[in-house]
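# Chains, contacts and geometry: an overview
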Amino acid sequence: MPVFRSLSKAARQAFQLPGCGCQSVVVATRNISFSPRQVTSGSDASFHSISFSETDHPKVLITGGLGQLGVGLAKLLRKRFGKNNVILSDIRKPPSNVFHSGPFIYSDILDYKNLREIVVNNRITWLVHYSALLSAVGEANVALARSVNITGLHNILDIAAEHGLRLFVPSTIGAFGPTSPRNPTPDLCVQRPRTIYGVSKVHAELMGEYYHHRYGLDFRCLRYPGIISADSQPGGGTTDYAVQIFHDAVKTGKFECNLKSDTRLPMMYIDDCLRATLEVMEAPIETLTMRTYNINAMSFTPEELAQEVQKQMPDLQVSYEIDPMRQAIADSWPMNFDDTNARTDWGWKHDYDLPELVQTMLNFIGSENRMAQAN
């Protein structure tokens, strides 16, 4: 313990950091983010080149793994790298099928010590950070969103930098605001979001880029559009209507949309999203001209989506009951993403357009519903 106090004191003097009596010794040491690689390699070190052998499979930890994307990404990565090389984590109890599909561990991103132990004990080399409160849920509980989305991120960044991990943190269409160019929205422009979710994602983008330049952290980030998947329920996001319509169409034949019929937003089927995540993580570091990329597949309105669904289910009845909060959020977001840089730098290309998306969703949910009725 005296050694840690001496290191903290020396570091505060060297960097002129104020010492705060309310912080513990461990927190003070974390803020320095010293690691042997940083000390010996210099501020421009590239952790990518030494974090793991290119001939070995990475050992992956996914935080927030029971959300919309975590289980699907784990399945994709396990096919590629092996079942035991991908660890799902969350603070919730996993369903039986997830628990038995591969390694699962309890992990609270607000518990720095617990998270650090997981990384060290499992020799993690890639970290995918999916833990976050989404837009509408975050607005209903700003304090919790700030804690999870920002404080949790700081823990992740410090651990990733200290242990030389390749770190992926997703961003979102919510990282833009009403003063951003909306159609199309480029990678680099004014952002200034007006939700805690969006603010926390801009913070993540900038902190990740800072850690890359300051400590050599191999930080990678994609701005996801609205993600549509059949095997998960809506989770409190503004684009959830584009998932709910399929469930309601199959189960009741009636759908009430909480956004205006002409609200255009960029969207993507989950398989494209997960593949893009894997591709950017595998991309050689020299091909990346930036740390955060837009990715896109399609852009549509609730009315256009309903019309495409009605081609398959002509009896579907659609009504509109506008949620003012969600509508205000949607009106501040991009209508279309410019993802030219992703397509140029690392060859991003989507597979699903609107007709393929609708057919796939109806097939999956329809089959699931028939099985439930049979049981």
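The numbers attached to residues start from 1 for each chain and follow its sequence in the written order. Reporting in this predicted model follows two pLDDT cut-offs: at least 70 for local features of residues, and 80 or more for side-chain atom pairs to be given and counted; totals over whole chains, interfaces and linings ignore these cut-offs and use all residues. With hydrogens and water excluded, all non-hydrogen atoms of the structure serve as input to the side-chain values.

Heads up, the rule is: UniProt positions are given in the numbering used here, feature names are shortened, and annotations may be inferred rather than shown by experiment.
An unreviewed UniProt entry lists the protein chain under the name L-threonine 3-dehydrogenase, mitochondrial, from Denticeps clupeoides. Turning to the protein chain, the UniProt record has this under Pathway (unreviewed entry): "Amino-acid degradation; L-threonine degradation via oxydo-reductase pathway; glycine from L-threonine: step 1/2." Its UniProt record gives the protein chain the following Sequence similarities (unreviewed entry) comment, quoted word for word: "Belongs to the NAD(P)-dependent epimerase/dehydratase family."

## A closer look at the overall build of the protein chain
Note the threshold: Only DSSP runs of H or I with at least four residues qualify as helices, and only runs of E with at least two residues qualify as strands; both kinds are numbered from the N terminus onward. Buried residues are those whose accessible area, probed at 1.4 Å on protein chains only, stays under 20% of the maximum for their type, while exposed residues exceed 50% and partly exposed ones sit between those limits. When checking whether two residues touch, look at their non-hydrogen atoms; a contact exists if any pair is within 4.5 Å. Each accessible area is a Shrake-Rupley result for a 1.4 Å probe, and residues are judged covered by the shown protein chains and nothing else.
If you tally the helices and strands in the protein chain, you get 16 helices and 13 strands. For the protein chain, the proportion of its 375 residues judged to be buried stands at 52%. Taking as baseline every contact in the protein chain between residues at least 6 positions apart, the subset at least 24 positions apart corresponds to 77%. As displayed, the protein chain offers around 17400 Å² of accessible surface, 52% of which is attributable to carbon and sulfur atoms.

## A closer look at helix H13 (residues 302-312)
Using the following cut-off: Arc, as used here, means the arc of the directions from the helix axis to the C-beta atoms.
When H13 is considered as a whole, its buried residues turn out to be Pro302, Leu305, Ala306, Glu308 and Val309. Along the long axis of H13, the arc covered by the buried residues comes to 160 degrees, so they all point the same way.

## Section: the sheet that holds strand S12 (residues 298-300)
Strand-to-strand pairing in sheets goes through backbone hydrogen bonds, with the strands running parallel or antiparallel. Note the cut-off: For two strands to pair, DSSP has to find at least two bridges joining them. Where helices are involved, their axes are fitted lines through C-alpha atoms of the stretch in contact, as for all axes, and angles between N-to-C directions lie from 0 to 180°.
The strand order across the open sheet built from three strands is S8-S10-S12, with neighbouring strands paired in mixed fashion. The sheet terminates laterally at strand S8 (226-228) and S12, the two strands that pair on one side only. Direction aside, neighbouring strands of the sheet carry axes that sit 45 degrees apart on average. Across three bridges, the pairing between S8 and strand S10 (residues 265-269) is parallel. Each residue of the ladder has a partner; that of Gly226, found in S10, is Met267. Strand contacts of helix H12 (residues 270-282): S8 and S10, with the helix running at about 80 degrees to S10, the strand carrying the most contacts.

## Observations regarding the nonpolar core
Going by this rule: Here the nonpolar core consists of buried residues drawn from Ala, Val, Leu, Ile, Met, Phe, Trp, Tyr and Cys, with membership extended through side-chain atoms lying within 4.5 Å.
Among the nonpolar cores identified, the biggest contains 70 residues, and Ile62, Phe246, Phe300, Leu305 and Trp346 are the most heavily contacted of them. Apart from the residues lying within four places of it in its own chain, the contact partners of Phe246 are Ile228, Leu305, Val309, Val358, Met361, Leu362 and Ile365. By size, the runner-up hydrophobic cluster in this structure holds 28 residues, among which are Leu61, Leu165, Ile196 and Ala204.

## Some details on the environment of Tyr210
You can see Tyr210 is positioned in helix H10 (residues 196-215). Judged by relative accessible area, Tyr210 falls into the partly exposed class, the value being 43%. Sequence-wise, Tyr210 and Arg291 are 81 residues apart; in three dimensions their C-alpha atoms are separated by 10.0 Å.

## Topic: the confidence of the model for the protein chain
Defined as follows: Every residue gets a pLDDT, meaning the predictor's confidence in that residue, from 0 to 100.
Across the protein chain, pLDDT averages 87, with 82% of residues at or above 70. In the predicted structure, residues 1-55 sits below a pLDDT of 50 and forms 68 contacts with residues beyond four places in sequence or in another chain.

## What about the pairing of S10?
Extensive coverage of S10 is indicated by the burial of five of its five residues. Here S10 shows two buried faces, one formed by Leu265, Met267 and Tyr269 and the other by Pro266 and Met268. Inspection of the sheet shows S10 paired to S12 by three bridges, in the antiparallel sense. Looking at the pairing, Met267 lines up with Met298 of S12.

## A short note on the side chain of His247
Following the sequence through the fold, His247 ends up in helix H11 (residues 241-251). Judged by its relative accessible area of 2%, His247 falls in the buried class. Those residues in contact with His247 that lie beyond four places of it in its chain are Ala230, Ser232, Gln233 and Ile365.

## Regarding the packing of aromatic side chains
The cut-off we apply is this: Whether two aromatic rings pair depends on their centres lying within 6.5 Å, for rings of Phe, Tyr and Trp, where Trp uses its six-membered ring; planes under 30 degrees apart make the pair stacked, over 60 edge-to-face, and the rest tilted.
With the rule as written, the count across this model stands at ten aromatic pairs. Measuring from centroid to centroid gives 5.9 Å for Phe176 and Phe337, while their planes differ by 70 degrees, and the two rings are edge-to-face. A residue pair is termed long-range when its members are at least 10 positions apart, and Phe176 in the loop between strand S6 (171-172) and H10 and Phe337 in the loop between helix H14 (324-331) and helix H15 (340-345) qualify at 161 residues. With 4.5 Å between their ring centres and 50 degrees between their planes, Tyr269 and Tyr352 make a pair best called tilted. With Tyr269 in strand S10 and Tyr352 in the loop between H15 and helix H16 (354-374), this residue pair connects regions lying 83 residues apart in the sequence. With a relative accessible area of 7%, Tyr269 lands in the buried category. The structure contains a cluster of three or more aromatic residues connected by ring pairs, namely Tyr130, Phe168 and Tyr224.

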